[in-house]
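Descriptive structure summary
Here are the chains, one letter per residue:
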Amino acid sequence: MAPSSVVVTIEKPSKFSLVEINGSDSTLLLEKQKAVSPKQFTWFLLLKAHRVLACLSWLPMASKTMVSSVKRRIALSDLSEEEAKSRRLYRFIKAFLFVSVLALVLEVVAHLKKWNLSIIRPWEVQGLLQWCYVTWMSFRVDYVAPLVLTMSEFCTVLFLIQSLDRLVLCLGCFWIKFKNLKPRINGDAYDIEDASSFPMVLVQIPMCNEREVFAQSIAAACQLDWPRDRILIQVLDDSDDSNLQLLIRDEVSSWREKGVNIIYRHRLIRTGYKAGNLKSAMACDYVKDYEFVAIFDADFQPNSDFLKQTVPHFKGAPELGLVQARWSFVNKDENLLTRLQNINLCFHFEVEQQVNGAFLNFFGFNGTAGVWRIKALEDSGGWLERTTVEDMDIAVRAHLNGWKFIFLNDVKVLCELPESYEAYKKQQHRWHSGPMQLFRLCLPAVLRSKISISKKANLIFLFFLLRKLILPFYSFTLFCIILPLTMFIPEAELPLWVICYVPIFMSLLNILPAPKSFPFLVPYLLFENTMSVTKFNAMISGLFQLGSAYEWVVTKKTGRSSESDLVALAERESKSSNEEKITRRHSESGLETLNKLKQQEETTPSKKRNKLYRKELALALLLLTAAARSLLSAHGVHFYFLLFQGLTFLVVGLDLIGEQIS
């Protein structure tokens, strides 16, 4: 017997026999010499049957709950402001749906009666319905099919160009990883013992009715590791709630008493939204004493070493105007909506921002988690209120003036993702209408600028047209209009590689920066096509200056904190117990304000609820109608794509994705 062998003796030889396990030979592991007894097999089958019955009993209950939820939402639904401002697109989709349903009825009748246009002569037509079908077929072949074919070929070319752009960006990202290309700090670090060697830094926290997150953002900014006499924190509060203003003032006062150099500012006239708020703050006399300004939105929580990781990059680089850090999300696993957003934003930072920063020294400022050289802001005209994307506006003007940007992929700042579809949709509308407003306004300045022709071409054709205009245009037109249309016009049918192979490959590239999200590949592809409706509508609004283009809605926050934040909070509480307490006046006023807020919340009825989105519901019916038509032609991949895309539109239209409100 081999020395690594183990002999196992079982007491019941009637059921088991002696088995020798040889550790050196894996092929002899636990050789079964006795079949499973009938009693064990029966229990196994009963267990499986119990699980199947439990699943079957759960499905009707879940379906009933979902149907009742949908009925309740339909009963409580009203025409939202966003829907009211985009009725033209909704009417177009409804008309398109009506025509598609009529065409489907005709096709079904023709299929059942086995009409064949090739063998039917005009004098053989029987009945009005058959005459309508023959007329439609002739009109379709002669007039509709060539037009749809031209549109599909045009959109396919745009699709391929945009896919090529994504591929080049990914190759650039791989090259950065392979060569370990990272922004380096020029010169020596600041002398820790000599506080005067540190530059003067202004930290701005613009906020507006940010009740859930103002305390944690102020606390994070106040704990930045920087000499206290070389930093000033501005809390720029645009809240219109007087009780909330008192709470924020009290929070600022408590940190000021701990020795933090922090001030509270509130504008009486709230014009220009965030741009107006920042512009007003930069007009203060004391700003001239500061060299850099760091900007954090109200839900952002920078690490204490943020300034020491970003500000030193300006040393020895007088042409550097902006250092942008990456966002990290505390609630990325909260629900399906936040997971899909995380995929998009990981690609944006890891690939788009990093590649453009490394090879072009230019990218769009993300509006927060960045440090600006104040001289760069002043040379570029400062903050302007002309668009809803003031961050992209100042970045473009600084680029035209010759300032360079760098992106730090390793420096991450915690923030929140919108958890409800309503908040996410409003955010995306602003993010996609603003660039088109800016493009119209800054195009003459780009053409007149003294930057090189290659930089002008990159700014116009890649930064604006390809990534801000063409992407939402072809996504909506090709996959939401032309594809279902081709089911009724087989002469213009899209090839499989357009609707399946290339989109899946591009989705794989998009998901690479977030490898843990790979199981959500198909939902991500379907959801991106669903969001093309919102992005297309926003792009058209911004391009043609429609009313909803200038709508600014503050993205709702929940005030979530990560585990590291909770640990840091516990440490702060233990430290504060040993420090001087806040004066009784502040604590009493804070308690009084908090009680007022609680009373106000109790007396004010909550109007928050899940909504219905009519454009998405109409497109869901359109795509499902096209899927039904594809069954008649035995389209395999086309049918499944249209079916699942239609169901995705239905789920989104019923607001079943994201935060659910009972």
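On a predicted model such as this, the values are computed, not experimentally measured, just so you know.

Focus: the overall build of the chain
Secondary structure summary: the chain contains 19 helices and 9 strands in total. The burial tally for the chain puts 49% of its 662 residues in the buried class. Considering only intrachain contacts with a sequence separation of at least 6, the fraction spanning at least 24 residues in the chain is 80%. In the form shown here, the chain has an accessible surface area of approximately 34,100 Å², with 61% of it arising from carbon and sulfur atoms.

Regarding the packing of helix α14 (residues 496-511) against helix α15 (residues 521-543)
Where α14 contacts α15, the axes come no closer than 10 Å and their chain directions differ by 110°. Taken as axis vectors, α14 and α15 run roughly perpendicular relative to one another. The residues of α15 that touch α14, namely those facing P503, I504, S507, L508, N510 and I511, are L521, Y524 and L525. In the contact of α14 with α15, the residues fall into 7 nonpolar, 2 polar and no charged.

Considerations on a nonpolar patch on the surface
Together, L160, L496, W497, Y501 and V637 make up an exposed nonpolar region whose accessible area comes to about 430 Å². For the nonpolar patch, the element with the highest residue contribution is α14, accounting for 3 residues. By secondary structure assignment, the location of V637 is in helix α19 (residues 636-653).

Some details on α14
The end-to-end C-alpha distance of α14, which contains 16 residues, comes to 22 Å, matching closely the 22 Å that a straight helix rising 1.5 Å per residue would cover. Along its length, α14 reaches its greatest deviation from straightness, about 25°, at P503. Of all the residues in α14, the buried ones are V498, I499, C500, V502, P503, M506, S507, L509, N510 and I511.

Observations concerning the packing of aromatic side chains
Two measures describe an aromatic ring pair: the distance that separates the ring centres and the angle between the ring planes. Evaluation of the coordinates by the stated rule reveals 24 aromatic pairs. Centre to centre, the rings of F139 and Y143 are 5.3 Å apart; their planes meet at 35°, and the pair counts as tilted. Highlighted residues: F139 and Y143, both in helix α4 (residues 127-179), separated by 4 residues, approximately one helical turn. Residue F139 is classed as partly exposed on the basis of its relative accessible area, which comes to 43%. Residues F365 and W372 carry aromatic rings whose centres are separated by 5.6 Å and whose planes lie at 90° to one another, so their mutual orientation is edge-to-face. The class for W372 is buried, based on a relative accessible area of 0%. Every member of this aromatic cluster is reached through a ring pair, and the members are F300, W327, F349, F362, F363, F365, W372, F405, F407, F439, F463 and F464.

As for the sheet that holds strand β3 (residues 201-207)
Across the sheet, 7 strands lie side by side as β5-β4-β3-β6-β8-β7-β9; this open sheet has mixed pairing. At either margin of the open sheet sits one strand with a lone partner, and together these are β5 (262-266) and β9 (404-415). When the angles between neighbouring strand axes are averaged without regard to direction, this sheet yields 20°. Relative to strand β8 (residues 370-373), strand β6 (residues 292-295) runs antiparallel, the two sharing 4 bridges. What sits directly across from A294, in β8, is V371.

Structural notes on unusual backbone geometry
In the Ramachandran plot, N180 falls in the positive-phi region, its phi being about 55° despite a non-glycine side chain. Note that N180 resides in the loop between α4 and β3. Taking relative accessible area as the criterion, N180 reaches 42% and is therefore assigned partly exposed. One non-glycine residue with positive phi stands out, namely D655, at about 60°. Looking at the secondary structure, you find D655 in the segment after α19.

Things to note about the environment of H635
Among the structural elements, H635 can be located in the loop between α18 (614-632) and α19. Taking the C-alpha atoms as reference points, H635 and M487, 148 residues apart in sequence, are found 9.0 Å from one another. Beyond its immediate sequence surroundings of up to four residues, H635 is in contact with M487, E493 and S630.

Some remarks on the confidence of the model for the chain
Averaged over all residues, the pLDDT of the chain is 83; the fraction at 70 or higher stands at 78%. Low pLDDT, under 50, characterises residues 1-34; the stretch is placed with 31 contacts to residues that sit more than four places away or in other chains. Residue range residues 566-570 is modelled with pLDDT below 50. Its contacts to residues more than four positions away, or to other chains, number 1 contact.

Brief notes about the packing of helix α13 (residues 453-486) against α18
Between α13 and α18, the shortest axis-to-axis distance is 8 Å and the interhelical angle comes to 50°. When the interaxial angle is binned, α13 and α18 end up oblique. Pair α13 / α18 crosses with left-handed handedness. Judged by residue contacts, F476, F479, C480 and P484 of α13 engage L619, L622, L623 and A626 from α18. Here the residues of the contact of α13 with α18 are counted per class, giving 8 nonpolar, no polar and no charged.

A closer look at the side chain of Q245
In this fold, Q245 is placed in helix α6 (residues 242-257). What makes Q245 buried here is its relative accessible area of 14%. Looking at Q245, its side chain comes within polar contact range of the side chain of H266, at 3.4 Å. Among residues more than four places away in sequence, those in contact with Q245 are D237, S239, D240, Y264 and H266.

Calculation notes
Residues numbered from 1 in each chain as written. Predicted model: local features only at pLDDT ≥ 70, side-chain atom pairs only at ≥ 80, totals over all residues. Heavy atoms only, no water. Helix = DSSP H or I, 4+ residues; strand = E, 2+ residues; numbered from the N terminus. Buried < 20%, exposed > 50% of the residue type's maximum accessible area, 1.4 Å probe, protein only. Contact = heavy atoms within 4.5 Å. Areas by Shrake-Rupley, 256 points an atom, 1.4 Å probe, with all protein chains shown as cover. Axes fitted to C-alpha atoms, helices over the stretch in contact; angles between N-to-C directions. Parallel < 35°, antiparallel > 145°, perpendicular 65-115°, else oblique. Nonpolar A, V, L, I, M, F, W, Y, C, P; charged D, E, K, R; others polar. Patch = residues over 30% accessible without salt bridge, like charges linked within 9 Å, V, L, I, M, F, W, Y side chains within 5 Å. Salt bridge = Lys/Arg side-chain N within 4 Å of Asp/Glu carboxyl O. Expected span 1.5 Å × (residues − 1). Bend = angle between axes of the 7 residues up to and from the residue. Phe/Tyr/Trp six-rings, centres within 6.5 Å; stacked < 30°, edge-to-face > 60°. Pairing = 2+ DSSP bridges. pLDDT = per-residue confidence, 0-100. Left-handed = near helix turned anticlockwise from the far one by under 90°. Polar contact = N/O pair within 3.5 Å; in protein donor to acceptor, adjacent residues only side chain to side chain.

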